[in-house]
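# Tertiary structure, described
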Amino acid sequence: MAEPAERTDQEPAADAPVAEMDLVRRAQRGDLKAYDELVQRYQERIYATVYHMTSNHEDANDLAQDSFIKAYQALKSFKGGSSFYTWLYRIAVNKTINFLKQRKNRNHMSLNDLDFNTENNPDLVALISENTPRRDAGLKELQEKLNAALLTWSEPHRLVVVLQDVQGQSHEEIAEIMDCNIGTVRSRLFYARQQLQSLLTDYLKPA
Amino acid sequence: MNENENDFGTLRQFLKFKGHETPPPGYFNNFSGDVISRIRAGEGGGFSAEAPWLLKLLQVFEFKPAFAGAFASALFLLLVFGFVYADRPESAPQPLLQASVQQSNSFAAATPAALAQPAEPTGIIAATNPATSLQPVASLFNSQNPFAQQVSFSVPGN
């Protein structure tokens, strides 16, 4: 089992696509060991995307697992027109958006804990101490405020911010995942950031 | 766009904060194992692959409990309807009997061979209900059985 910390890059390595297609072909023939490797390769990113969209660990766990199972069921229909990673992302994103639409306004946050590095991250410390008038606000409070603000948006706007600003995906990748053009991605991103900035005024206004 | 992105610099830094939200330690150690177990258990190609309509129906039930309730009520009503009609067999054979008598009468009158036969029902009527297809029940007990003989036993030496 690969440890989460081992892979910090957002894009696959240069030789990864070849190995990936090999794994996909083996999985298409019913090789579950190959599929297990594919799951391990993308589990963190798929989970993280779903988690940031739902702000709920239990929902993210179920949806991420369901996405991998659905991808396996549909694997025979995967022809390699896009990368397996993008195709998998689309399944997870569509599943999550459908889930959120069904859930409508019944948002219940179940947030993951902040990792150990948060308090030691100089950028975040500087940000909180310099750029927010609420210096007394604890990290937990900021986390809750940020997640609550994210949940007020429509799913496409939330998704575009999660993919770009939280996960660092490029506009091109986001456009491919969301099946729209880059202009749409940019306009959604601008609108979403504007909205978020107004929602977090108390925390972002320079002191 | 760059200018806009600079405007949102602080916000984007702030959003990176979310990247520090991590699941419980060891969570990913079992994740792929759970997925593969679920696939092996049949979720990867069971009825969901063979009957996607059933999977969709179950998903609708999951997300719309009211729909599931309506579906269950409809099934229950159908069951009750079936029981009510199954418990009333007497109402149906009567018109059937009359119809068969009328039909045999009209048929007998129309054929010359029927002149030699009485235009009454022969007594053998086909019906699925055993209670109406037999001769009157009283005749079974009042008439003597032609195959039964009275016997008497005498024991020698008494």
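Residues numbered from 1 in each chain as written. Chains lettered and ligands numbered in written order. Predicted model: local features only at pLDDT ≥ 70, side-chain atom pairs only at ≥ 80, totals over all residues. Heavy atoms only, no water.

With that out of the way, let us pick up the overall build of chain B. Within chain B, the regular secondary structure consists of nine helices and zero strands. Taken from N to C terminus, the helices and strands of chain B fall in the order α-α-α-α-α-α-α-α-α. Residues classed as buried in chain B amount to 15% of the 158 residues present. A total accessible area of about 12,400 Å² is found for chain B, and carbon and sulfur atoms account for 63% of it. (Helix = DSSP H or I, 4+ residues; strand = E, 2+ residues; numbered from the N terminus. Buried < 20%, exposed > 50% of the residue type's maximum accessible area, 1.4 Å probe, protein only. Areas by Shrake-Rupley, 256 points an atom, 1.4 Å probe, with all protein chains shown as cover.)

Bringing the confidence of the model for chain B into the picture now. Of all residues in chain B, 46% attain a pLDDT of 70 or more, and the chain-wide mean is 68. Scored by ipTM, the complex comes to 0.76, with pTM at 0.61. (pLDDT = per-residue confidence, 0-100.)

Time to look at the nonpolar core. Ranked by size, the top nonpolar core spans 66 residues in total, and within it A:Tyr35, A:Ile46, A:Phe68 and A:Phe84 carry the most contacts. Beyond its immediate chain neighbours, meaning those up to four positions away, A:Phe84 contacts A:Glu20, A:Val24, A:Tyr35, A:Leu38, A:Tyr42, A:Leu75 and A:Phe78. (Core = buried A, V, L, I, M, F, W, Y, C linked by side-chain atoms within 4.5 Å. Contact = heavy atoms within 4.5 Å.)

Applying the stated criterion across every chain, the model contains six salt bridges over all chains. Between B:Arg38 and A:Asp66 there is a salt bridge; the shortest N-O distance is 2.7 Å. Taken together, the residues span two chains, with B:Arg38 in helix α3 (residues 27-43) and A:Asp66 in helix α3 (residues 57-73). (Salt bridge = Lys/Arg side-chain N within 4 Å of Asp/Glu carboxyl O.)

Below, the discussion takes up unusual backbone geometry. All names here are of chain A. Here the phi dihedral of Ser-55 falls at roughly 55 degrees; this positive angle occurs in a residue that is not glycine. Secondary-structure assignment places Ser-55 in the loop between α2 (32-54) and α3. Its identity as a non-glycine residue notwithstanding, Asp-179 has a phi of 55 degrees, on the positive side. By the secondary structure assignment, Asp-179 is in the loop between α8 (171-178) and α9 (182-199).

To continue, consider the packing of α8(A) against α9(A). All names here are of chain A. Close contact between α8 and α9 brings their axes to 9 Å; oriented N to C, the two are set at 105 degrees. The angle between the axes of α8 and α9 places the two elements in the roughly perpendicular class. The segment α8 lies against α9, with His-171, Glu-172, Ile-174, Ala-175 and Met-178 engaging Ile-182, Val-185, Arg-186, Arg-188 and Leu-189. The class makeup of the residues in the contact of α8 with α9 is six nonpolar, one polar and three charged. (Axes fitted to C-alpha atoms, helices over the stretch in contact; angles between N-to-C directions. Parallel < 35°, antiparallel > 145°, perpendicular 65-115°, else oblique. Nonpolar A, V, L, I, M, F, W, Y, C, P; charged D, E, K, R; others polar.)

Between chain B and chain A, the residue contacts involve 38 residues of the former and 57 residues of the latter. When the two sides are added together, the surface that chain B and chain A hide from each other amounts to roughly 4,400 Å², 68% of it contributed by carbon and sulfur. Between chain B and chain A we count two salt bridges in total. At the junction of chain B with chain A, the criterion picks out eleven residue pairs in polar contact (both at pLDDT 80 or more). Elements that contribute at least two residues to the side of chain B that touches chain A include exactly α1 (2-7), α2 (9-16), α3 and α5 (52-63) of chain B. If one sorts the elements of the side of chain B that touches chain A by residue count, α3(B) sits on top with 14 residues. Tallied by class, residues from the side of chain B that touches chain A come to 15 nonpolar, 13 polar and ten charged. (Buried area = accessible area lost by both parts, 1.4 Å probe. Polar contact = N/O pair within 3.5 Å; in protein donor to acceptor, adjacent residues only side chain to side chain.)

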